[in-house]
Structures are given as structure tokens and as C-alpha cells.
Amino acid sequence: MSQQTEEIVKLLKSKHLRVTPQRFAVYANLLAREDHPTAEQILNDVNKDVPRSSQATIYSSLQALRDVGLVREVLLDEGVCRYDANVELHHHFRCKVCGSIEDIPWERFQCLDTAQLRPGLTVDNYEVTVHGVCDRC
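These notes cover the structure that comes with them. (Residues numbered from 1 in each chain as written. Predicted model: local features only at pLDDT ≥ 70, side-chain atom pairs only at ≥ 80, totals over all residues. Heavy atoms only, no water.)

When you go through the chain residue by residue, the secondary structure sums to four helices and five strands. Looking at the chain as a whole, 34% of its 137 residues are labelled buried. Charge-centre separation for the chain: the mean point of 16 positive side chains lies 4 Å from the mean point of 20 negative side chains. (Helix = DSSP H or I, 4+ residues; strand = E, 2+ residues; numbered from the N terminus. Buried < 20%, exposed > 50% of the residue type's maximum accessible area, 1.4 Å probe, protein only. Lys, Arg positive; Asp, Glu negative; His and termini not counted. Charge placed at Lys NZ, Arg CZ, Asp CG, Glu CD.)

As a further point, take empty space enclosed by the protein. Tallied over the full model, the rule gives one cavity of 30 Å³ or more. Taken as a whole, the largest cavity spans an internal volume of roughly 30 Å³. Surrounding the largest cavity, Leu-30, Arg-33, Glu-34, Asp-35, His-36, Pro-37, Tyr-83, Asp-84 and Ala-85 form its lining. Within the lining of the largest cavity, the residues separate by chemical class into four nonpolar, one polar and four charged. (1 Å grid on protein atoms, 1.4 Å probe; cavity = no way out; pocket = protein on both sides within 12 Å on 5 of 7 lines; lining within 4 Å. Points joined across faces, edges and corners; volume = space filled by probe spheres on them. Nonpolar A, V, L, I, M, F, W, Y, C, P; charged D, E, K, R; others polar.)

Another point: the nonpolar core. Counting residues in hydrophobic clusters, the biggest one holds 19 residues, and the most contacted among them are Tyr-27, Leu-30, Ile-42, Leu-62 and Leu-65. Sequence-distant contacts of Leu-65, defined by excluding residues within four places in its chain, comprise Leu-12, Leu-17, Arg-23, Val-26, Tyr-27, Leu-70 and Val-71. (Core = buried A, V, L, I, M, F, W, Y, C linked by side-chain atoms within 4.5 Å. Contact = heavy atoms within 4.5 Å.)

It is at 11 Å that the axes of helix H1 (residues 3-14) and helix H2 (residues 21-31) come closest, and there the two elements cross at 115°. Where H1 crosses over H2, the handedness of that crossing is right-handed. Judged by residue contacts, Thr-5, Ile-8, Val-9, Leu-11 and Leu-12 of H1 engage Phe-24, Tyr-27, Ala-28 and Leu-31 from H2. Looking at the contact of H1 with H2, its residues break down into eight nonpolar, one polar and no charged. (Axes fitted to C-alpha atoms, helices over the stretch in contact; angles between N-to-C directions. Left-handed = near helix turned anticlockwise from the far one by under 90°.)

Turning our eyes to something else, we now look at the packing of aromatic side chains. Here the structure, examined in full by the defined rule, presents one aromatic pair. Ring centres of Trp-106 and Tyr-126 lie 4.9 Å apart, and the angle between their planes is 35°; on these two criteria the pair is classed as tilted. Of this pair, Trp-106 sits in the loop between strand S4 (101-105) and strand S5 (129-132) while Tyr-126 sits in the loop between S4 and S5, placing them 20 residues apart in sequence. For Trp-106, a relative accessible area of 18% puts it in the buried group. (Phe/Tyr/Trp six-rings, centres within 6.5 Å; stacked < 30°, edge-to-face > 60°.)

The calculated volume of the largest pocket comes to roughly 160 Å³. Along its surface, the largest pocket is lined by Leu-30, Leu-31, Arg-33, Glu-34, Asp-84, Ala-85, Asn-86, Ile-101, Glu-102, Asp-103 and Arg-136. For the lining of the largest pocket, the elements supplying multiple residues, two or more each, are H2 and S4. Broken down by class, the residue content of the lining of the largest pocket amounts to four nonpolar, one polar and six charged.

On the surface, Leu-117, Leu-121 and Val-123 cluster together to form a nonpolar patch covering roughly 230 Å² of accessible area. With respect to the helices and strands, the residue Leu-117 is situated in the loop between S4 and S5. (Patch = residues over 30% accessible without salt bridge, like charges linked within 9 Å, V, L, I, M, F, W, Y side chains within 5 Å. Areas by Shrake-Rupley, 256 points an atom, 1.4 Å probe, with all protein chains shown as cover. Salt bridge = Lys/Arg side-chain N within 4 Å of Asp/Glu carboxyl O.)

Considered for burial, the residues of H2 that qualify are Arg-23, Val-26, Tyr-27, Ala-28, Asn-29 and Leu-30. In this fold, the buried residues of H2 make contact with H1, helix H3 (39-46), helix H4 (55-67) and strand S2 (80-84).

Don't take any of this as a statement about function, it's just geometry.
See below:
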């Protein structure tokens, strides 16, 4: 077993998740990418070689990973849920031409003053999404 495989298995077990082939494949797929895929994109990737996972299995794997804090949902388009294995605090850049999504380090917007919001609002956390055109477009 490779070191990365062992680390993923150990991490899943540390979160008290049963290590199923499908759950492992979903998490490994997310760890290997930075494009914030949809569940459908993950399903296509996981089933490229040998179709083994159903859409329901992918969704339940993503939900289990999200519930224990290994994956987060990212809502950058109306009605489209994307997934990210980077659960550290960070923001996003979304290219309006090609649709690519890129992480922005949390520190880039650390000066946001949530105290400027109207009285009565309590902020637990926030995430900034910057829209524009990437340098590839």
C-alpha cells in the first residue's frame, strides 16, 4: 500500500468512517484536484476505469466526508454544488469566461471588518468569491 493510500485510510478511520472502496475513491479524487468539481464530475472520474459507483453512492460519500469535516461544499454558481477537499479557511476566484475556480489564501482578505455590518448581526465566518477573468482567458 502506498504512503498516500495509508494516510487516507488512517484519516478516514480517525474520523470514524468506514473505509469503503467508493468513499476512498471519492476522497482520493478530491485530494488530487483543485478544480472544485461537482458530484457528477467526481462520478465520471471515479468510474472511468471500471464503473462501480452510482450517483447515490457518490452523494452519500460526499455527505459523510462533509459531515466529518474532510470536505466542504462550495456554492459558486446558483444551484450548483461543488466540492473541495481543502477545508482550511480560504476564498475563491471564479473566471467568468472559462469557469475555472482558484483558491485565494485566507490572508488576502483578512482586513474585512465585519463589525461594520448592521447591529444585531453576528458573524460566524465568511467567504469571499471574486469574479473576473483569469490570465488564461
